[in-house]
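These are the residues of each chain, in order.
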Amino acid sequence: MHFTLFRNIGIIIFIGIPLTDAKDSSSFQKIFEYPNQGVAWNSAKHSHDYSNSNLQNEVRSSIDLLINDPNGFQNKIDQLNLEQRKLLSEDDLNSRTDPIDLLSLELKNRIEAKLSEEQIDLTIWSIDRSQLWSLAKYRLKTILDPSLKLGSGFSVFRKNGLDNREVLFACVDSEKTKFDFSIADIRFEKKNFSEKTNPLKNWKCRNQNFQISWENVSPTLNSKEISALATNPLIQFKDRKEIHLVSSITLTNSISSSSLQITKKFLEWELGFKEKEFRENIPLKSRLLELLPITDVFLPFPDIPNANQFQLSFRNANASELILEKEISNPEQPHLKIKVYFHIFLPLLKSAKAEGANGLSFSLNEMANLLQNRLSKNSSQLTIFDLACFSKKYLSSWTLASRLTQSKNIPVLIASAEGHPAENPAQILIQMDFIIRGINQILSGGNLYAVQSELQKSSIKLDLMRMLLKPFHAFGFFKNLEIAKTFSPVSNLDESFKDLITSKNFWVLKLKTSSTEKIFPPGI
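Being a predicted model, the structure only gives us computed values, none of them experimental. (Residues numbered from 1 in each chain as written. Predicted model: local features only at pLDDT ≥ 70, side-chain atom pairs only at ≥ 80, totals over all residues. Heavy atoms only, no water.)

## What to know about the side chain of N378
The residue N378 is located in the loop between α10 (364-377) and β21 (383-385) in this model. Owing to a relative accessible area of 16%, N378 belongs among the buried residues under this scheme. Here the side chain of N378 touches P293 through a polar contact of 2.7 Å, landing on its backbone oxygen. Among the polar contacts made by the side chain of N378, one reaches the side chain of S380 at a distance of 2.7 Å. Leave out the neighbours within four places in its chain, and N378 touches P293 and I294. (Helix = DSSP H or I, 4+ residues; strand = E, 2+ residues; numbered from the N terminus. Buried < 20%, exposed > 50% of the residue type's maximum accessible area, 1.4 Å probe, protein only. Polar contact = N/O pair within 3.5 Å; in protein donor to acceptor, adjacent residues only side chain to side chain. Contact = heavy atoms within 4.5 Å.)

## Some details on the environment of Q84
Secondary-structure assignment places Q84 in helix α4 (residues 82-89). A relative accessible area of 6% means that Q84 is categorised as buried.

## Regarding the packing of aromatic side chains
Within this structure, the stated rule accounts for 9 aromatic pairs. Arranged with centres 5.8 Å apart and planes meeting at 50 degrees, the rings of F434 and F487 form a pair that is tilted. Taken together, the positions of F434 in helix α12 (residues 425-443) and F487 in the loop between α14 (462-469) and β23 (489-491) put the pair 53 residues apart, joining distant regions of the chain. For the pair F434 and F487, a shared accessibility class is recorded, and that class is buried. Here a set of aromatic residues connected by ring pairs shows up, and it is made of F154, F169, W203 and F210. Cation over ring: K137 sits above W133, and NZ or CZ is 5.1 Å from the ring centre. Over the face of the ring belonging to W214 we find R165, whose NZ or CZ atom lies 5.0 Å from the ring centre. (Phe/Tyr/Trp six-rings, centres within 6.5 Å; stacked < 30°, edge-to-face > 60°. Lys NZ or Arg CZ within 6 Å of the ring centre and 35° of its normal.)

## A closer look at the state of the cysteines
A full pass over the atoms with the stated rule returns 1 disulfide. Paired by a disulfide, C171 and C205 hold their sulfur atoms 2.0 Å apart. The chirality of the disulfide connecting C171 with C205 is right-handed, given an S-S dihedral of about 90 degrees. Residue C171 is located in strand β7 (residues 166-172), and its partner C205 is located in strand β10 (residues 201-205); the two are separated by 34 residues in the primary sequence. One exposure class covers both C171 and C205, and it is buried. (Disulfide = S-S within 2.5 Å.)

## A short note on the confidence of the model for the protein
Taken residue by residue, the protein gives an average pLDDT of 81. The fraction at 70 or more is 79%. Per-residue pLDDT stays below 50 along residues 1-25; that stretch engages in 62 contacts with residues further than four places along the chain or on separate chains. Note on residues 472-484: pLDDT under 50 across the span, and 27 contacts to partners over four residues away in sequence or across chains. (pLDDT = per-residue confidence, 0-100.)

Below is the structure:
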């Protein structure tokens with residue numbers, strides 16, 4: 001079987017063709033044929049909508065086999081040839097309906113059911129469903145291709161409460177070591193560490209021994225200081241000559257030149273920005289480190305965020321940088337002008353050669369160091385828009401990174417309580433409407449409340465999208481463009497989250513091996 005792929009302004013058409021003429025005894029055959037069998041990604045629910053019950057049943061029976069008869073599942077995999085295995089494990093960032101997505105999301109659902117069965121209530125535990133999905137993918141990918149070099153294969157979840165020290169460890173490990181319960185060789189172990197408990201314990205995963213310790217981080221601001229920060233303009237305009245906005249949009253492996261041109265035109269029409277420079281295939285990390293000290297507004301837009309790291313790029317260490325500029329009047333001194341530069345990191349053009357395979361991510365410690373480095377060079381306010389779906393759940397991670405700087409000059413974080421369609425350039429552009437209106441409020445001297453009020457409104461750029469995509473409506477790919485949704489903003493300065501900043505009982509969990517150390521914020 002192979003896939004033929006046609007693209008035009010983000011349109012993707014899959015044509016499935018059998019791999020061989022011989023009868024395939026594998027039960028995965030219908031999963032191979034999925035492009036013509038009816039499955040779609042639901043961004044709002046982060047789930048698959050099946051219009052073909054046979055395909056859905058095939059996916060479910062495959063995961064049944066994995067859970068109930070791992071050897072039988074392995075035998076089915078062993079029957080596949082190399083090309084079939086590759087197709088089954090292919091994980092294209094441009095699609096959420098690859099076979100690996102169908103199988104792993106079904107396994108993720110089973111993991112959630114298992115947690116519920118074991119009295120682990122997801123509403124009172126800070127359990128990131130995207131991490132459960134990552135665990136499921138890790139398990140499946142290591143079966144499909146044992147030679148793959150993946151991450152660590154473990155996750156840490158904490159029970160909600162800034163002073164709560166109850167922890168659930170998850171490890172993808174077939175070793176029959178001690179654990180509380182497991183599913184498909186993903187084992188879970190629950191620990192409760194009181195203040196009287198020896199602060200150092202051992203936990204083992206995938207032949208690694210972790211040392212566990214706890215640290216109570218001092219509060220950053222008090223309630224009065226939070227109120228002042230929320231009511232002040234998010235940018236200090238006095239004597240400013242330049243403002244820098246930085247966004248990292250890494251939702252796909254690559255972009256076409258036509259998508260790039262539409263993005264440029266859209267930002268010119270809606271924000272008044274004109275292209276200053278376009279730089280191809282530049283090292284993302286070094287350029288970000290260079291820009292962060294002068295950044296006023298940072299807008300990360302990762303594909304699959306992880307609560308314990310800031311993943312800015314998944315499959316490439318390099319990116320394209322689109323630099324736009326415009327001039328505005330200083331809101332505090334209207335007779336003066338300010339140059340505004342908008343740096344947007346985009347996936348590489350399709351013609352570019354990829355560099356590296358692991359993308360770019362920062363741990364919580366590394367992000368804290370980045371923020372500290374910025375403070376040492378620039379004391380102006382930093383505003384962060386976390387544009388990931390359901391980014392509300394990452395408030396504690398961002399807050400921990402800022403609290404570790406031990407500075408009162410903490411970033412103002414704006415996140416979303418919703419999921420947003422972002423599976424193609426057209427949908428991404430609609431989400432940019434929220435970004436644009438938020439940026440306009442900030443550049444006009446707005447405070448946090450003004451920005452949040454603007455982001456509560458529905459997306460208003462649908463007419464433009466309908467006009468641009470009218471020739472393609474017959475395909476039905478963009479029917480969801482008719483639905484306008486709010487960004488549903490939340491902030492680390494909101495009343496319901498201010499304890500993240502002011503609490504004196506902010507317990508941080510540390511896991512340390514001989515070579516690495518990871519820290520985990522409390523659940524909220």
